Amino acid sequence: MKKTLLLLILFTSFVNAQVIYETVPSLNFSEPRQVKIQLPRNYESNKDKDYPVIVVLDADYLFEPVAGNVDYYSYWEDMPQAIVVGIMQPDRMADTQYDETNFLPVGQGKLFFDFIGSELFPWLSKKYRLAPFNLIIGHDATAGFANYFLMKNPPLFNAYVSLSPDLAPQMSERLTEILQRTENKIFYYQATGSQDITPLRNATLALNTSLENIENSNINYYFDNFEEATHYTLAGRGIPSALEQIFSIYRPITKKEFEEQVLNSESPYAYLIEKYEIIENLFGMNDRIRINDFIAIAAALEKKSDWEGFEDLGKLARKEYPETVLGSYYLGKSYEGKGDTKKAMRTYESALVLKSAGDIDKDVLMARAQRIKDDFGY
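Computed from a predicted model, the values in this text were never measured in an experiment.

Definitions and limits used
- Residues numbered from 1 in each chain as written.
- Predicted model: local features only at pLDDT ≥ 70, side-chain atom pairs only at ≥ 80, totals over all residues.
- Heavy atoms only, no water.
- Phe/Tyr/Trp six-rings, centres within 6.5 Å; stacked < 30°, edge-to-face > 60°.
- Helix = DSSP H or I, 4+ residues; strand = E, 2+ residues; numbered from the N terminus.
- Buried < 20%, exposed > 50% of the residue type's maximum accessible area, 1.4 Å probe, protein only.
- Lys NZ or Arg CZ within 6 Å of the ring centre and 35° of its normal.
- Expected span 1.5 Å × (residues − 1).
- Contact = heavy atoms within 4.5 Å.
- Core = buried A, V, L, I, M, F, W, Y, C linked by side-chain atoms within 4.5 Å.
- Pairing = 2+ DSSP bridges.
- Axes fitted to C-alpha atoms, helices over the stretch in contact; angles between N-to-C directions.
- Left-handed = near helix turned anticlockwise from the far one by under 90°.
- Nonpolar A, V, L, I, M, F, W, Y, C, P; charged D, E, K, R; others polar.
- Patch = residues over 30% accessible without salt bridge, like charges linked within 9 Å, V, L, I, M, F, W, Y side chains within 5 Å.
- Areas by Shrake-Rupley, 256 points an atom, 1.4 Å probe, with all protein chains shown as cover.
- Salt bridge = Lys/Arg side-chain N within 4 Å of Asp/Glu carboxyl O.

Applying the stated criterion across every chain yields a total of 27 aromatic pairs. Residues Phe 113 and Phe 145 carry aromatic rings whose centres are separated by 6.4 Å and whose planes lie at 80° to one another, so their mutual orientation is edge-to-face. Placement of the pair is Phe 113 in helix 4 (residues 108-127) and Phe 145 in helix 5 (residues 141-146), with a sequence separation of 32 residues. Phe 145 shares its class with Phe 113; the two are buried. With centroids separated by 5.4 Å and ring planes inclined at 45°, the aromatic side chains of Phe 247 and Phe 283 adopt a geometry described as tilted. Here Phe 283 lies in helix 10 (residues 268-283) and Phe 247 lies in the loop between helix 8 (233-246) and helix 9 (255-262), a separation of 36 residues in the sequence. No difference in accessibility class separates Phe 247 from Phe 283, as the two residues are buried. By way of ring pairs, the aromatic residues Phe 29, Phe 112, Phe 113, Phe 115, Phe 121, Phe 145, Tyr 148, Phe 149, Phe 157, Tyr 160, Tyr 188 and Tyr 221 are connected into one cluster. Between the NZ or CZ atom of Arg 33 and the centre of the ring of Phe 29, over which it lies, the distance is 4.4 Å.

As structure tokens, this is what we get:
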């Protein structure tokens, strides 16, 4: 508990210096709405890069922990950099108002729903560079309200983080039905705690029972039930857990991923290509393949003696990192594995003027070239 609070304090103190306060015009409310925005690091210098958007409801108290976690996880490349947008809600209960007969947004709740879809996002798209991936985070009433965006076709958001949701009547049934049949790729996370408010906890657990039985390959569902967490402290644990799980495909290849998926794949090289195609298709981000991921795939290829895969990896590395020795190193290993030692030697020697890549430098290439000369007398 003390560790969680310390992290939140650190995140808060770091983020405050970087927050942009903006005013969003609104015809729905006949007056502007205030938002807080955190832009990714180096946003201004990366003019050609677009970023996912994370919308934070209850921004009065949720914005700082979300923005801090987003900055932290993206710094370590465990999630893509993202634009965090917190909506200020002076009257959160009015913003989440629903009709007592059909249980759909009504009054100010309907205005708030329309504001996010028809005013906030068009305004954001004019001012900032947005990738086609959106996530929304809410807590109790606002978490329950966020589910209404799943009723749009297509849904406004790709991912939903629901912290101890206060669900409107019929929402559990509606949500289960929507997620059961949707053809859209949806990420859905919800959390409760052992010390959560009893009615909210019971409703969340019941909804979890329904959602975990859904058989739909388009749904990525995650659930946490935190021991000793109260209605308020569960948010401090749920936010990083949600980000880590929703963006798991984006992070560099982990030891677990390497052992359970890469090594068991028919082609480690094909696994790498597919991983980055998924990242591009999901998040709209055409990032360079990380050098650490090249190294992980190379280790798998060597275990499998897949020299054709090494050749493909070398050509890709030359394309992605032409200024480094990486491509030539993998191509040389491919030629060695296939028995063309003279071509391997020349490939190593041709890259001695290039930059290092990780632990692979010109000394490594010189050593491999010299060993070939000594063994074969070239």
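What follows is about helix 12 (residues 307-320). Because each turn of an α-helix spans 3.6 residues, side chains separated by three or four positions end up pointing in the same direction. Over its 14 residues, helix 12 extends 20 Å from the first C-alpha to the last, a length consistent with the 20 Å expected when each residue adds 1.5 Å. Buried within helix 12 are the following residues: Gly 309, Phe 310, Glu 311, Leu 313, Gly 314, Leu 316, Ala 317 and Glu 320. Contacts made by the buried residues of helix 12 are with helix 10, helix 11 (291-304) and helix 13 (326-337).

To continue, consider the nonpolar core. The nonpolar side chains of soluble globular proteins are, as a tendency, buried together. Ile 54, Leu 163, Tyr 189, Ile 246, Phe 294, Leu 313 and Tyr 330 are the most contacted members of the largest nonpolar core, which has 72 residues in total. With sequence-adjacent residues up to four places away left out, Ile 246 is seen in contact with Phe 133, Leu 135, Ala 159, Val 161, Phe 187, Tyr 189 and Tyr 222. Counting 43 residues, the second largest nonpolar core, distinct from the first, contains Phe 29, Leu 57, Tyr 148 and Ala 168.

Tracing the sequence through the fold places Ser 162 in strand 6 (residues 159-163). For Ser 162, a relative accessible area of 2% gives the class buried. When residues no more than four places from it in sequence are discounted, the contact partners of Ser 162 are Gly 138, Ala 143, Tyr 188, Tyr 189, Gln 190 and Ala 191.

Strand order across the open sheet formed by eight strands is 1-2-4-3-5-6-7-8, with mixed pairing between neighbours. With one partner strand each, in any of the chains shown, strand 1 (20-24) and strand 8 (219-230) form the two edges of the open sheet. Between one strand axis and the next, the sheet turns through 20° on average, direction left out of account. With five bridges connecting them, strand 6 and strand 7 (residues 186-195) associate as parallel partners. Its bridge partner lying in strand 7, Ala 159 is registered against Phe 187.

Two numbers describe how helix 2 (residues 59-75) lies on helix 8: the axes approach to 10 Å, and their chain directions differ by 35°. Between helix 2 and helix 8 lies a crossing whose hand is right-handed. Packed against helix 2, whose contacting residues are Leu 62, Pro 65, Val 66, Asn 69, Val 70 and Tyr 73, the element helix 8 presents Ala 235, Ile 239, Pro 240, Leu 243 and Glu 244 at the interface. Of the residues assigned to the contact of helix 2 with helix 8, the class counts are nine nonpolar, one polar and one charged.

Quick look at helix 8 now. The end-to-end C-alpha distance of helix 8 is 21 Å, a good match for the 20 Å that 14 residues give at a rise of 1.5 Å each. Burial runs high along helix 8: ten of the 14 residues are buried. Those residues of helix 8 lying buried are Leu 234, Ala 235, Gly 236, Gly 238, Ile 239, Pro 240, Ser 241, Ala 242, Leu 243 and Ile 246.

Together, Tyr 72, Tyr 75 and Trp 76 make up a nonpolar patch on the protein surface, roughly 390 Å² of accessible area in all. Within the element layout of this structure, Tyr 75 appears in helix 2. Using a relative accessible area of 48% as the deciding quantity, one classes Tyr 75 as partly exposed.

To continue, consider unusual backbone geometry. A cis amide bond links Asn 153 to the next residue, Pro 154, at an omega of 0°. Along the polypeptide, Pro 154 turns up in the loop between helix 5 and strand 6. Of note in the backbone geometry, Phe 103 takes a positive phi value of approximately 60° without being a glycine. Among the secondary structure elements, Phe 103 is positioned in the loop between helix 3 (92-95) and helix 4.

Taken as a whole, this structure holds 22 salt bridges when the rule is applied. Linking Arg 41 and Asp 71 is a salt bridge whose minimum nitrogen-to-oxygen distance equals 2.9 Å. Note that Arg 41 is positioned in the loop between strand 2 (33-38) and strand 3 (51-56) and Asp 71 in helix 2, a separation of 30 residues in sequence. Ionic pairing is found between Glu 77 and Arg 290, a salt bridge with its closest N-O pair at 3.5 Å. Note that Glu 77 is positioned in the loop between helix 2 and strand 4 (83-87) and Arg 290 in the loop between helix 10 and helix 11, a separation of 213 residues in sequence. A relative accessible area of 37% places Glu 77 in the partly exposed class.

Attention now goes to the environment of Ser 30. Position of Ser 30 relative to the elements: it lies in the loop between strand 1 and strand 2. Judged by relative accessible area, which is 68%, Ser 30 ranks as exposed. On a C-alpha basis, the gap between Ser 30 and Phe 133 in space is 29 Å, while along the polypeptide they are 103 residues apart.

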